[in-house]
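Residue strings, one per chain:
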Amino acid sequence: AVIVNDDEVTCVAPHQSEGTVQFQLVSQDLEILVNEFYDQTPLQYTYLPPIEITSLAPSFGTIHGDTMLLIELDWTAEHIHLRCIYGKNLASVANIINGTMITCLT
């Protein structure tokens, strides 16, 4: 884990097979610091299969943005929050149309 500031740390998830695992934040001497939400719900992290895009339309747009992209996935995107990132610019929220189709506005 890397301490970002007084309120935030970042962690890189190790390789794992698909499924949900318990998540804990521990100190260097393995003392448990956090293992549940404020309401005492256990922290969990879910490993998902890789997402692949099977189609993207249109594949171009104006320099002014505001192009609606229709993106088809080979994966079910229900119950997850996705974002579309364009180069190094800010991300836009992906809207789920159905389990395998999402839209993003450039």
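Residues numbered from 1 in each chain as written. Predicted model: local features only at pLDDT ≥ 70, side-chain atom pairs only at ≥ 80, totals over all residues. Heavy atoms only, no water.

**A closer look at the side chain of S92**
Examined against the element boundaries, S92 turns out to sit in strand 10 (residues 91-93). For S92, a relative accessible area of 14% gives the class buried. Within the structure, the side chain of S92 is placed 3.1 Å from the backbone oxygen of L105, a separation counted as a polar contact. Excluding residues within four positions of it along the chain, S92 makes contact with R83, C84, Y86, C104 and L105. (Helix = DSSP H or I, 4+ residues; strand = E, 2+ residues; numbered from the N terminus. Buried < 20%, exposed > 50% of the residue type's maximum accessible area, 1.4 Å probe, protein only. Polar contact = N/O pair within 3.5 Å; in protein donor to acceptor, adjacent residues only side chain to side chain. Contact = heavy atoms within 4.5 Å.)

**Quick look at the layout of surface pockets**
One number sums up the size of the largest pocket: a volume of about 150 Å³. Contributing to the lining of the largest pocket are C11, V12, A13, P14, V21, Q22, F23, Y45 and Y47. Residue assignment for the lining of the largest pocket shows that the elements contributing at least two residues are strand 3 (19-22) and strand 6 (44-47). Residues belonging to the lining of the largest pocket are distributed by class as follows: eight nonpolar, one polar and no charged. (1 Å grid on protein atoms, 1.4 Å probe; cavity = no way out; pocket = protein on both sides within 12 Å on 5 of 7 lines; lining within 4 Å. Points joined across faces, edges and corners; volume = space filled by probe spheres on them. Nonpolar A, V, L, I, M, F, W, Y, C, P; charged D, E, K, R; others polar.)

**Concerning the environment of H64**
Secondary-structure assignment places H64 in the loop between strand 7 (53-57) and strand 8 (68-73). What makes H64 exposed here is its relative accessible area of 68%.

**Some remarks on the side chain of T67**
Secondary-structure assignment places T67 in the loop between strand 7 and strand 8. If we skip the residues at most four places from it in the chain, T67 touches P58, F60, G61, T62, C104, L105 and T106.

**Let's talk about the sheet that holds strand 8**
Read across the open sheet, the four strands follow the order 7-8-12-11; overall the sheet is antiparallel. Two strands in the sheet have a free side with no partner beyond their single neighbour: strand 7 and strand 11 (95-98). For this sheet the average axis-to-axis angle between neighbouring strands, irrespective of direction, equals 25°. (Pairing = 2+ DSSP bridges. Axes fitted to C-alpha atoms, helices over the stretch in contact; angles between N-to-C directions.)

Function-wise, these values are silent; they only describe arrangement.
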